[in-house]
Number of protein chains: 2
Amino acid sequence: MELENLTDSRIARPRRYEDGCGMAHALDLLGDRWALLVVRELMLGPKRFSDIRADLPGISANTLTQRLEELERSGVVLRQTLPPPASGQVYGLTEWGYQSKPIMGALARWATRSPGHDVAQNFSPVSLLLSFQAMGQPGLPKDIDATFGFRFGRESYVSWIRDGAIGAERGDASGADVIFTGTPRAVASAVYGGASLHALEAEGALKVEGDRALASRFVTLFPLPEKAVV
Amino acid sequence: MELENLTDSRIARPRRYEDGCGMAHALDLLGDRWALLVVRELMLGPKRFSDIRADLPGISANTLTQRLEELERSGVVLRQTLPPPASGQVYGLTEWGYQSKPIMGALARWATRSPGHDVAQNFSPVSLLLSFQAMGQPGLPKDIDATFGFRFGRESYVSWIRDGAIGAERGDASGADVIFTGTPRAVASAVYGGASLHALEAEGALKVEGDRALASRFVTLFPLPEKAVV
DNA sequence: CGGCATCCGGGAAGATACTG
DNA sequence: CAGTATCTTCCCGGATGCCG
């Protein structure tokens, strides 16, 4: 009796859309609630279950477990067991999963043109760094060659701009030409909301170290695309 | 009492993800079940309610109504009332909605690399034509300059290849250099499944008119990307 | 034909609590 | 820390019926 209700992880979930189109298959892979945001959180390197959960406010442990299982089964996510002493598990993207990055960037860029998009929301650390890469398309000034560090609570990230392109990864912020310390939201309010760095520092929302002129220029590098006229 | 449960269409649906990231907003716009496929169906020109529904087997009238409402409210879809004698309404994409096309193409291309993707499924007429545009990226042979007509039941489409690029729209197939008549699935089995045109014609699944050599070449132009190794 | 309103059943998501 | 168990709620799909 109970066996009929058994959901066996070895049995692939049935297709949701009977459709050979690649877009429909993309929805089978990433169309579940939260799935795309889980992938986003792994885009700058593997993370632990709790860290993903912490950066995705609103997701339940239950749902995150399920999404990670499905993404692993479909070959987008890879579960890795860390060697001691840092024992535990982390989830990362497969090579193929990682290749969705520019597409997601383009999608994000498209969506910011929505009249309903409000940039004064929360950003996760990863989503902020990714947004720089998305909004830095198609080109940044070629005369910049510098590194930028970000310290958000326990997580820290480094981004570099060179030859008109921008990269980013999780890592040590020390030694960067500019270091921002605060919340992703505070940085976003400077970059996207036009808030002044001085004001943010005055109210204690942000700390800026290093080359201040470079910092002031950094926040102007990522103009949002124009809103769509509807 | 009942008023508390009233869902007023004038009140915007609350954000589902409290997240300023563009990708999260994209999910607010297109993340609902079927939403992306509805947009896909409009990508080659406006369609009527029933025609959308007919090409999305499995969607309920109820859900389609709701998706169209939401997409219209968010500025992706535009509802137009046709003048007599063709009275009735059609749904089309806004300029901004239409601009998601290359992104969706890239997403579809990415998804076909999935080990779980099976091309031997149903295609809607629109999804087939769009798949040609997606798989024809980044380039087609520059020595082709021709038009291709497709007749799928009542709907017919025209596609043209020139200067290494491919375009498509709903329209009259007459006068094209090659005309395919049959089901989208039959054409897909030739283009993506390696089925021979002769065999398909022999079993009555497809009719090919016009330049047969060109038709034979056409079906080789859209190789699927390699499967991802996982 | 082109929808919209309503009720029903199933399943996925959320909240909370609990376990190794 | 990394999940599981349970309960509740909400969304989706199917069917039906109404209306212009």
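Up top you'll find the structure we're talking about.
Quick summary incoming for the structure in this document. From a predicted model like this one, the values you see are computed outputs, not experimental measurements.

## Some remarks on the pattern of salt bridges
So, step 1. Counting across every chain of the model gives 20 salt bridges over all chains.
So, step 2. The salt bridge involving aspartate 145 of chain A is made with arginine 162 of chain A; its shortest N-O contact spans 2.9 Å. Of this pair, aspartate 145 of chain A sits in the loop between helix H7 (125–135) and strand E3 (146–152) while arginine 162 of chain A sits in strand E4 (residues 155–162); the two residues are 17 residues apart in sequence, bridging distant segments of the chain.
So, step 3. Classification of arginine 162 of chain A by relative accessible area gives partly exposed; the value is 40%.
So, step 4. A salt bridge links aspartate 143 of chain B to arginine 217 of chain B, with the shortest nitrogen-to-oxygen separation between them at 2.9 Å. One end of the pair, aspartate 143 of chain B, is in the loop between helix H7 (125–135) and strand E3 (146–152); the other, arginine 217 of chain B, is in helix H10 (residues 212–218), with 74 residues separating them in the sequence.
So, step 5. Arginine 217 of chain B gets classed as partly exposed once you look at its relative accessible area, which sits at 33%.

## Here's the deal with the packing of aromatic side chains
So, step 1. Tallying each qualifying case throughout the model produces 28 aromatic pairs over all chains.
So, step 2. With a centroid separation of 6.2 Å and an interplanar angle of 40°, the aromatic rings of phenylalanine 132 of chain A and tyrosine 192 of chain A are classed as tilted. You can see phenylalanine 132 of chain A sitting in helix H7 and its partner tyrosine 192 of chain A sitting in the loop between helix H8 (184–191) and helix H9 (197–202), a full 60 residues away along the chain.
So, step 3. Classification of phenylalanine 132 of chain A as buried rests on a relative accessible area of 0%.
So, step 4. Between phenylalanine 218 of chain A and phenylalanine 222 of chain A, the aromatic rings sit 5.2 Å apart at their centres with planes inclined by 70°, giving edge-to-face as the arrangement. Just as phenylalanine 218 of chain A is buried, phenylalanine 222 of chain A falls in that class too.
So, step 5. Linked through ring pairs, Phe123, Phe132, Phe148, Phe150, Phe152, Tyr157, Phe180, Tyr192, Phe218 and Phe222 of chain A together constitute an aromatic cluster.
So, step 6. Seen from the ring of tyrosine 17 of chain B, arginine 33 of chain A lies directly overhead, with NZ or CZ sitting 4.9 Å from the centre.

## Topic: the relation of the copies chain B and chain A
So, step 1. When chain B is fitted to chain A, the residual RMSD is 0.0 Å, and the transformation amounts to a turn of 180° plus an axial shift of 0.0 Å. A rotation of that kind, with that shift, is consistent with a two-fold axis.
So, step 2. An overlap of 100% is found between the interface residues of chain B and their copies at the interface of chain A, pointing to a shared contact surface.

Parameters at a glance
- Residues numbered from 1 in each chain as written.
- Chains lettered and ligands numbered in written order.
- Predicted model: local features only at pLDDT ≥ 70, side-chain atom pairs only at ≥ 80, totals over all residues.
- Heavy atoms only, no water.
- Salt bridge = Lys/Arg side-chain N within 4 Å of Asp/Glu carboxyl O.
- Helix = DSSP H or I, 4+ residues; strand = E, 2+ residues; numbered from the N terminus.
- Buried < 20%, exposed > 50% of the residue type's maximum accessible area, 1.4 Å probe, protein only.
- Phe/Tyr/Trp six-rings, centres within 6.5 Å; stacked < 30°, edge-to-face > 60°.
- Lys NZ or Arg CZ within 6 Å of the ring centre and 35° of its normal.
- Least-squares fit on C-alpha atoms with pLDDT ≥ 70 in both.
- Contact = heavy atoms within 4.5 Å.

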